[in-house]
Structure formats: C-alpha cells, structure tokens
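# Results of the structural survey
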Number of protein chains: 2
Amino acid sequence: MNGKRIYMQEVATRDGFQIEQQFIPTDDKIALIDALSQAGYAKIEVTSFTSPSAIPALRDADELMARIARVPGVVYTVLVPNARGAERAMAARADEFNLVMSVSETHNIANLRMTREQSYQGLKSVIDAARGTEVAINVSLSTSFGCPMEGPVAHTEVLAWADRFAQLDVRGVTLCDTTGMADPRAAYELTHAFKARFPQLELTLHFHNTRGMGGANVLTAIEAGANRFDASLGGLGGCPYAPGATGNICTEDTAHMLDAMGYDTGLMLDRVIAAARQLPALIGHDIPGQVAKAGLIAERHAPPADFAAIRERALAREAQ
Amino acid sequence: MNGKRIYMQEVATRDGFQIEQQFIPTDDKIALIDALSQAGYAKIEVTSFTSPSAIPALRDADELMARIARVPGVVYTVLVPNARGAERAMAARADEFNLVMSVSETHNIANLRMTREQSYQGLKSVIDAARGTEVAINVSLSTSFGCPMEGPVAHTEVLAWADRFAQLDVRGVTLCDTTGMADPRAAYELTHAFKARFPQLELTLHFHNTRGMGGANVLTAIEAGANRFDASLGGLGGCPYAPGATGNICTEDTAHMLDAMGYDTGLMLDRVIAAARQLPALIGHDIPGQVAKAGLIAERHAPPADFAAIRERALAREAQ
C-alpha cells in the first residue's frame, strides 16, 4: 500500500455550507477556497448553481467562481441541477459539471421532484449541450448504497444507471452514500463491481459518516480499487434523516488516516487542519472532525509538570 | 466473513464513567449493567478497584459488584491496580482481574507513578496470589500503539512485555490504543504479530476513536485474526491529551457495522441502543456514538408528507 496515490476532493463549501442556517459571507468563502487551493486537493466542489431561492446559502455561486484564485492542477467542479444551472456554470468557467440524480425513485421524487427518467433526460440534455466544450461531466448517483425510504438498492440498479451515463461519454461517476447506509462490505462489493464494469470511468466514492462507518468504508473501497474520495473539511454536511448525526466523511481525518498508513493523498495536512480549525468561527458551531481537535498522531505531548519529581520518588522506592 | 463470531466487551461503566465529573448514582449503574447483562456481551468490565480517593467516580465498586444480577456466560471483569485492589476484587467475586501497565516508560511513570519494572513486579505478585483460585487474569498493555509523550512504541517492545505475562500463564492480553494513535495498518501488523507469537492467549483489542480511525482499526485487526474487542456504550471515555476528542470506540456503532457486514457479534443491538440512548440523561451530556442518533441502516423513513402530490405533479409533466 505504500505510496499509492489517493485523490482527495473537497466538498465542504458545497455539500457542507448548503445546509448551514447562517449565510457565510462571500469573502470568507473565497478566503477558505483559496486556502484549500494551496493544500494539494485533486478537486474542489466550489458551489452549486441551483436556484438562489432553493438554496439561499449558495446564492453567491457566480461571484464565488469569478473571484477565487484558481491553482493549476486543481479541478474546480460545481453542482449543476439543470440547463439553467449549466448556463451559469459555463459562464463561470467551471472545469467540471457535477450532475446529480438518485438511483432510488422515491428519493429522486422527494428530493428533486422528478422521476428518475425525467432527471436522466434533463441531465442528458445538459451533457449534450456541453459536448464539444472543454467542460468535463461527472454524474453523482445519490443513494447508491441504499435509500432511507425504499431501503436497499440493488447493485445492478446502480450499475444500470451508471451505464446509461457511461454511454454518454461522461468522465466520471460518483457513487454517493447519501445518508450513511454503506457498510464496509457493501463499499467493497459495489466498488469492485463498478471498477470491473467501467474501467474507463473516473470513479469517486462519496461516503457519509452518519453511522460511524466512513473511515472503514474508505479502506475497503481502496481495497476494491477506488482511489478517489469526496470528503468535507471538518466533517461538515449532514443528513436530513438523522438530526444530530455527523455528515460527510471528514477530509482531515480521512487524509490523516491514509497518510499514517503510507498512502499518498497529495494533501498538505497542516494546511487542511489549519483551515478546519477556522470553521467553528466561520459557521458558528462545533465540527464533527476529530483530528482538528486531537491533533496528528505524530504530535508529542509534554509529560506532566511534576514528572521529574514523580520519577525520582519511583526510583527512590526501587533503591530501598 | 459471514457469521464469524466476534466477541464484544463493554467498558463504559469503568473506562467511560471513571472520567465523568458528576458521580453516577450506584442504583443507576446497577440498572445499566443489569440491562447490558441481558444484551449478549461476552464480557463486561464493571468497575475498578482503585483507591476511592484516586477515582471517586468508581468509589462504589464493592457495592456494585455485590448487587448486579450476573448472567451466566457473561464474564464480569474488574480493573485491579495492586494487591489491595486484588483483595477487594476477590472478595467481590470478580470473574477476572484486568491488570494494567503501560509499555511506555514515560506513560507508566506519569500515569501509574511507577517504573514499568515496578508495575510488572506488582502485577506479578497479584497474579501469583490469584494462582489456584478461580479468577482469571487479563493484562492490559497501555500505549501499545504509541505513547503521546514518547511517540512510536516498537512492536517488539509490546510483544516482549506480553511475553513476560504469557510466562505467568495469564489468560489474556489486551493491546490498548490508549490515546487513539493506532492507524489501520498498525492495527493489522501488531495484531498479526501478536497472534503469530501467542496463539494460546485470549487477545483483546482496545481502540479509541480519538482521531476517527476506530472503526477502520477494528476491521483490519479482524483481518489479522482478532475476534475480541473492548468498546464503550455511546462511545464514552476520553483522552486526557485530546480535550473535546471522542473516547473509546462506540459499542453500538462497532456492533452495527460488524452486523451489517455479516459478522456475529452476539449483541442484541436494539437493547444496546436503548441503553445508549439513556446515557445523556444519566451523565448529563451528549454522547459521541452515531447509531444511537441516526438509527440502524435497516430503519426506514417515511417520504415527505406531500410526497403523493409531488409525484403527481412530476407524472403530469411526463404526460404533457
């Protein structure tokens, strides 16, 4: 496993910020994204070109994309829900459109107010319109590891939707564990099946830590051939079906674990952790991420102040 | 992996409660332990026979052991720090003494105020005194995956201390990740080395989730041959070197993950989760465990109240 490259993709400013109650000032978002751009990410999901009235937290998407300082080598992706969003995203010179639909009919209707087939046709026209431009297409398949309303989703169903998009020559597909239902065995099996069937596609795994399985899911997905993960700074994000539960897997916790195991995440952990430690002031509440609180494994702590005296007394007993 | 037996050992009432600021009434502790006794654990670490002045939170150890309703098949273990504690634990009819020392000299002196050799000799006399009785001996080796003050601890050092206890015919050894420094690769490697060298010993892994690696560590330890884990209800416990960080791995989160993967933990998850959900009222603060908040993967959520109307509108668009 030593040195194997794992690509990290930051989603906090989109997947995390979209559920924050308090609007985060555009200048603060830009400062954060610019700091993250210098931290070694493969990709940053900057924002979403959804309707500003639907997600007011991300209403500054156009300005954000115009003002961030892009770093060569980092892919700046944005969520694009429909043709109107695609126009805005194209004008904003996004490197990639991240299109979303759910593989669960119930979840797609509840969340996107369309049938899956309607979603697919809508996304297909966005993909067709983008053909011939420089923008790349990624498709995120929500509830790939289960739907909170329908229950288990068959892997064959997930692969069938991936196949329809593969036929449209998209660059990548993200298997999203939208509500944290993936267990490490399912993570292994679906990743393995996907890699076997679509070796040409850029595969991203998007796990949530809703039930504490996020880190373990990353590991088994890597064992099955995955090398690209969405994660959220500080573990921001959440799950509407699990109030109080944690959200996306935490970027710095995930990268810290992979670093310790000898993987090459490309991330400069000190910069990522420094950014994570600024989040509570920015969003007004604590973050679920652990490493920002506990520090790196590699950090040393000083012995207690009276250590020398304790030791002296212990050795004195020995001499008796 | 299907059906493989994994033994779960509860440590919340000892490792968790010992750091709670507010004394938990003895009756409440008994009710909790009695509930856990009916939930399928292999072992419950009930309390600690340390000096009541050193750990006032556990000053009711004798009464607790006298009044709990023991269930056949569950091993009731207690932490025993020295000869005086061993006398009390013997009088309390503990099934097992859990003896503790650190494999890091600095941590042992700072934490136990003795050199490692002094600790070893003290524990050896407890073991010698227990020989010929029915009580079993387990030795917990703190900082087996690293010391927050010294840094990395060589696996050869850990195995050398385990060997000295193996020669005293103890039943088991626990490799403790006292401050959450184990990564999944280290968990695999030390477990593998231990199993190869001491196939006759009952091996327990005791992980903390301080840096979010607990679940992943459990998985790789299992891959390396481990089948027995300490865990704490609700994820109680903590780390003096990481204020605000989470503590021991969470029992219900760990068992939920292993269940989902097809392992047989023996635990009745509904009972464990019900007990975990009572903890905030008992201890006066939130718990780090996730499953108690998010519910099981298997739980279904109702679609939004206006789902039928949303679906109608979507289908009407289709018909146009």
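Residues numbered from 1 in each chain as written. Chains lettered and ligands numbered in written order. Predicted model: local features only at pLDDT ≥ 70, side-chain atom pairs only at ≥ 80, totals over all residues.

### Some points on the overall build of chain A
As a reminder, the rule being used: Secondary structure elements are taken from DSSP: a helix is a run of H or I of four residues or more, a strand is a run of E of two residues or more, and numbering for both begins at the N terminus. The size measure is the radius of gyration over C-alpha atoms, and the globule rule it meets is 2.2 Å times the number of residues to the 0.38 power. Here a residue counts as buried when 20 or more other C-beta atoms sit within 10 Å of its C-beta, as exposed when there are 12 or fewer, and as partly exposed otherwise, the C-beta atoms being derived from the backbone.
On a plain count of helices and strands, chain A comes out with 13 helices and eight strands. For 320 residues, the compact-globule formula gives about 20 Å, and the C-alpha radius of gyration of chain A, at 21 Å, lands near that figure. Seen through its C-alpha atoms, chain A measures out along the principal axes to roughly 85 × 40 × 35 Å. Considering chain A as a whole, with its 320 residues, one finds that 53% of them fall into the buried category.

### A look at the interface of chain B and chain A
A common way to state how big an interface is: give the accessible area lost once the parts meet. Stated precisely, the cut-off is as follows: For the purpose of contact definition, each residue receives a C-beta atom placed from its backbone, and two residues are in contact when these atoms lie within 7 Å. When residues are sorted by character, Ala, Val, Leu, Ile, Met, Phe, Trp, Tyr, Cys and Pro go into the nonpolar class, Asp, Glu, Lys and Arg into the charged class, and all the rest, Gly among them, into the polar class.
Each partner contributes residues to the interface: chain B has 51 residues there, and chain A has 51 residues. Listed by contribution, the elements that provide at least two residues to the side of chain B that touches chain A are α5 (105–112), α8 (184–197), α9 (214–223), α10 (251–261), α12 (291–294) and α13 (307–319) of chain B. Here the element with the most residues in the side of chain B that touches chain A is α13 of chain B; it accounts for six residues. Of the residues that constitute the side of chain B that touches chain A, the class distribution is 25 nonpolar, 16 polar and 10 charged.

### Some points on the nonpolar core
Under the convention used in this document: A set of buried Ala, Val, Leu, Ile, Met, Phe, Trp, Tyr and Cys residues, joined to one another through C-beta atoms within 7 Å, is what we call a nonpolar core.
Val78, Phe97 and Leu141 of chain A together with Val78, Phe97 and Leu141 of chain B are the most contacted members of the largest nonpolar core, which totals 191 residues. Ignoring any residue separated from it by four or fewer positions in sequence, one finds Val78 of chain A in contact with Glu45, Val46, Thr47, Ser48, Phe49, Ala61, Met65, Ala89, Ala94, Phe97 and Asn98 of chain A.

### Brief notes about the sheet that holds strand β6 (residues 172–176) of chain A
All names here are of chain A. Stated formally: Strands qualify as paired when DSSP identifies two bridges or more between them. A fitted line through C-alpha atoms serves as each axis, taken over the contacting stretch for helices, and the angle formed by two N-to-C directions is quoted from 0 to 180°.
The strand order around the closed barrel formed by eight strands is β1-β2-β3-β4-β5-β6-β7-β8, and the pairing between neighbours is parallel. Put simply, the sheet's adjacent strands are angled 25° from each other on average, direction ignored. Inspection of the sheet shows strand β7 (residues 202–206) paired to strand β8 (residues 228–231) by two bridges, in the parallel sense. Paired with Leu205 across the bridge in β8 is Phe229. In this fold helix α7 (residues 155–166) packs onto β5 (136–142) and β6, with an angle of close to 160° to the strand it touches most, β5.

### So, the relation of the copies chain B and chain A
Keep this limit in mind: Our superposition of the copies is a least-squares fit, built on the C-alpha atoms of residues whose pLDDT is at least 70 in both.
For these two chains of identical sequence, chain B goes onto chain A by a turn of 180° and a shift of 0.0 Å along the axis, with RMSD 0.0 Å. In short, the pair behaves as if placed about a two-fold rotation axis. The C-alpha atom lying nearest the rotation axis in chain B is that of Ala216 of chain B; the distance is 2.0 Å.

### Considering the pairing of strand β2 (residues 43–48) of chain B
Residue and element names in this part refer to chain B. Which entries qualify depends on this criterion: For a crossover, the right-handed case is the one in which the path from the first strand over the helix to the second runs clockwise, viewed with the strands pointing away from the viewer.
For β2, the tally of buried residues reaches six of six residues, placing the bulk of the element in the interior. Of the strand pairs in this sheet, strand β1 (residues 7–10) and β2 are connected by two bridges, and their pairing is parallel. For Glu10, the partnering residue across the bridge sits in β2 and is Ile44. Across five bridges, β2 lies against strand β3 (residues 75–79) in parallel orientation. Directly across from Thr47, in β3, lies its bridge partner Val78. Once you follow β2 into helix α3 (residues 61–67) and on to β3, the crossover reads as right-handed.

### Considerations on the sheet that holds strand β5 (residues 136–142) of chain B
Strand order in the closed barrel formed by eight strands is β1-β2-β3-β4-β5-β6-β7-β8 (chain B), and the pairing between neighbours is parallel. Here the strands of the sheet are splayed against their neighbours by 25° on average, with no regard to which way each runs.

### Quick look at the environment of Ala275 of chain B
Turning to its location among the elements, Ala275 of chain B is positioned in helix α11 (residues 269–283). In this structure Ala275 of chain B touches Leu32, Ala35, Leu36 and Leu233 of chain B, once residues within four positions along its chain are discounted.

### Considerations on the packing of helix α8 (residues 184–197) of chain A against helix α9 (residues 214–223) of chain A
Residue and element names in this part refer to chain A. To be explicit about the condition: Roughly parallel covers angles under 35 degrees, roughly antiparallel covers those over 145, roughly perpendicular covers 65 to 115, and oblique covers all other angles. Each helix crossing is assigned a hand: it is left-handed if the near helix lies turned anticlockwise from the far helix by less than a right angle, otherwise right-handed if that turn is clockwise.
Running from N to C, α8 and α9 point in directions that differ by 30°, and their axes come no closer than 8 Å. When the axes of α8 and α9 are compared, the pair comes out roughly parallel. The two elements α8 and α9 meet at a crossing, and its hand is right-handed. Together, Pro184, Ala187, Tyr188 and Thr191 of α8 and Ala216, Asn217, Thr220, Ala221 and Glu223 of α9 make up the contact between the two elements. Among the residues forming the contact of α8 with α9, the class breakdown is five nonpolar, three polar and one charged.

### Some points on the confidence of the model for chain A
Fine structural detail should not be taken from predicted coordinates in areas where pLDDT scores are low. The condition that has to hold: pLDDT measures the predictor's confidence residue by residue and takes values from 0 up to 100.
When pLDDT is averaged across chain A, the result is 95; 98% of the residues are at 70 or more. Interface confidence for the predicted complex, expressed as ipTM, amounts to 0.96; the pTM equals 0.96.

### Quick look at α8 of chain B
The test is simple: Between the first and last residue of a helix there are one fewer steps than residues, each counted as 1.5 Å, and that sum is the expected span.
Taking 1.5 Å per residue as the helical rise, α8 of chain B with its 14 residues ought to reach 20 Å, and the 20 Å between its terminal C-alpha atoms agrees with that figure. Here the buried face of α8 of chain B lies against α9 and α10 (251–261) of chain A together with α7 (155–166), β6 (172–176), β7 (202–206) and α9 of chain B.

### Focus on helix α6 (residues 116–130) of chain B
In an α-helix there are 3.6 residues to a turn, and that puts residues three or four apart on one side. Residue and element names in this part refer to chain B. Rules: It is the directions from the helix axis to the C-beta atoms that the arc portrays.
With 15 residues, α6 should cover 21 Å at 1.5 Å per step; its first-to-last C-alpha distance of 21 Å lies within 8% of that length. Listing the buried residues of α6 in full gives Ser119, Leu123, Val126 and Ala130. For α6, the angular spread of the buried residues around the axis is 50°, confining them to a single face. For α6, exposure combined with an orientation more than 90 degrees from the buried face picks out Gln121 and Asp128. Contacts made by the buried residues of α6 are with α4 (83–91), β4 (96–102), α5 and β5. Residue Gly132 follows α6 closely and has a positive phi angle near 90°.

### Considerations on the environment of Ala231 of chain B
Residue and element names in this part refer to chain B. With respect to the helices and strands, Ala231 occurs in strand β8 (residues 228–231). Each C-alpha atom of the pair Ala231 and Thr210 lies 13 Å from the other, and the pair is 21 residues apart in sequence. Not counting chain neighbours up to four residues away, the residues in contact with Ala231 comprise Met8, Glu10, Val11, Asn248, Ile249, Cys250, Thr251 and Thr254.

### Points about the pairing of β7 of chain A
Residue and element names in this part refer to chain A. As paired strands, β6 and β7 are joined by five bridges and run parallel to one another. In the strand pairing of β7, Val173 is matched with Leu203. Of the crossover connections in this fold, the one passing from β6 over α8 to the parallel β7 is right-handed. Running through α9, the crossover from β7 to the neighbouring parallel element β8 is right-handed.

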